[in-house]
Structures are given as C-alpha cells and as structure tokens.
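# Structure at a glance
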Amino acid sequence: MRIGLYPGTFDPITLGHIDIIRRASALVDKLVIGVAINRDKGPLFSLEERVTMIEAECAKLSEQTGTEIVVHPFENLLIDCAHDVGAQIIVRGLRAVADFEYEYQMVGMNRVLDSSVETVFLMAEARHQAIASKLVKEIARLDGDVSKFVTPLVFDELRKRLGKI
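Predicted model, so just to flag it, every value in this text is computed and none were measured.

Pairing is possible between side chains of opposite charge, provided their charged atoms come close. Under the counting rule described, the total for this entry stands at 8 salt bridges. Close ionic contact of Asp11 with Lys137 constitutes a salt bridge, the shortest N to O distance being 2.8 Å. Note that Asp11 is positioned in the loop between strand 1 (3–8) and helix 1 (15–25) and Lys137 in helix 5 (residues 133–141), a separation of 126 residues in sequence. Take Asp11: its relative accessible area is 4%, and that puts it in the buried class. Take Lys137: its relative accessible area is 13%, and that puts it in the buried class. For the salt bridge of Lys60 with Glu57, the shortest nitrogen-to-oxygen distance reads 3.4 Å. Placement of both Lys60 and Glu57 in helix 2 (residues 47–65) is noted, with a separation of 3 residues, approximately one turn of the helix. Under the relative-accessibility criterion, Lys60 is labelled partly exposed at 46%.

Thresholds applied
- One numbering rule holds for all chains: residues counted from 1, following each sequence as written.
- A pLDDT threshold of at least 70 governs which residues receive local features in this predicted model, and a stricter bar of 80 or more applies before side-chain atom pairs are shown or counted, although totals over entire chains, interfaces and linings include all residues.
- Side-chain measures were taken over the full set of non-hydrogen atoms in the model, leaving aside hydrogen atoms and water.
- Throughout this description, the term salt bridge denotes a Lys or Arg side-chain nitrogen within 4 Å of a carboxyl oxygen of Asp or Glu.
- In this description a helix means any DSSP run of H or I spanning at least four residues, a strand means any run of E spanning at least two, and both kinds are numbered starting from the N terminus.
- Relative accessibility thresholds used throughout: buried, under 20% of the residue-type maximum; exposed, over 50%; partly exposed, between the two (1.4 Å probe, protein chains only).

In structure tokens form, the structure reads like this:
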C-alpha cells in the first residue's frame, strides 16, 4: 500500500490545499494530512478546529477519489511523522520559486535523515498559486472577501472567528 503524507499547518485549509490533496490522492492508496502543531506560528484556529475543518473537507474528497484520507496532528520532525504513519512519500505543494528554495533545503535534510522516504512536489494550479493561508487571514481580518480562496465551511469559520457575523 502506497501511503503519502501531506504536511502543513492548514490555518486555515484553502482551495489551494484542497487542490493538492485531490491531486495527491491519485498518487497513493492512502493520504495522511499531517496537521503541524506549530506554536511559533500563532495559529488563528486551534488544532482541534483545523482538524475538524480538514476532516470535513477531506470526507468529500475521499468519496470523490476513492482514496482513504486521514488527518493526523503532529509536533515532531516531519520525517518522524512519516515513519509514524508509514508514509513512503511526502507530498509538498509549490506556488512559486520562493517555495521551491525552502522545500529544496527541507528535502535535502529529510534525505539525510531517511533516504527511503521520497518527496513529491505538486505545482499549484495557476488559479491557486497566489493563495496562502497567511494572506487569506489578513484579507479576512480587513473585511475583504476571501470566498474565492476557501470553501463555504472555512469562509463561515473565518467570519465567526473574526467576529464578522
């Protein structure tokens, strides 16, 4: 069984993330969405809230693709998380050249830690390349319309969290 791990903070999950999840589902039998507990980033949503939103969105994708998709919070090294879930593949989404430079360094370090785990890069579709969770939160905080960047569920959760409803 081919198991892939798609890690991130997903604060919040965007249409760009969902695009990568859908496309990664075609490459593996089981896709684990690794939700990073990164306290340094100061997430807008708690871990539990992020996991709930991701599970809701991924349930639909799992039905559509026929791929098992599970959500797994983690706070250890990415390569250790890959071991924990039995992943042979780490999936990373790329939006721009700046993403590649960072990801290239990460792949190098992960290969030193365990060369048996491969990293696969998926380029974001053109219509999703500008979407970043950080920008979505900033736009939402300033009363901008983020409905083009997130699902209706996430849009509602953002508005509730920011007191816009």
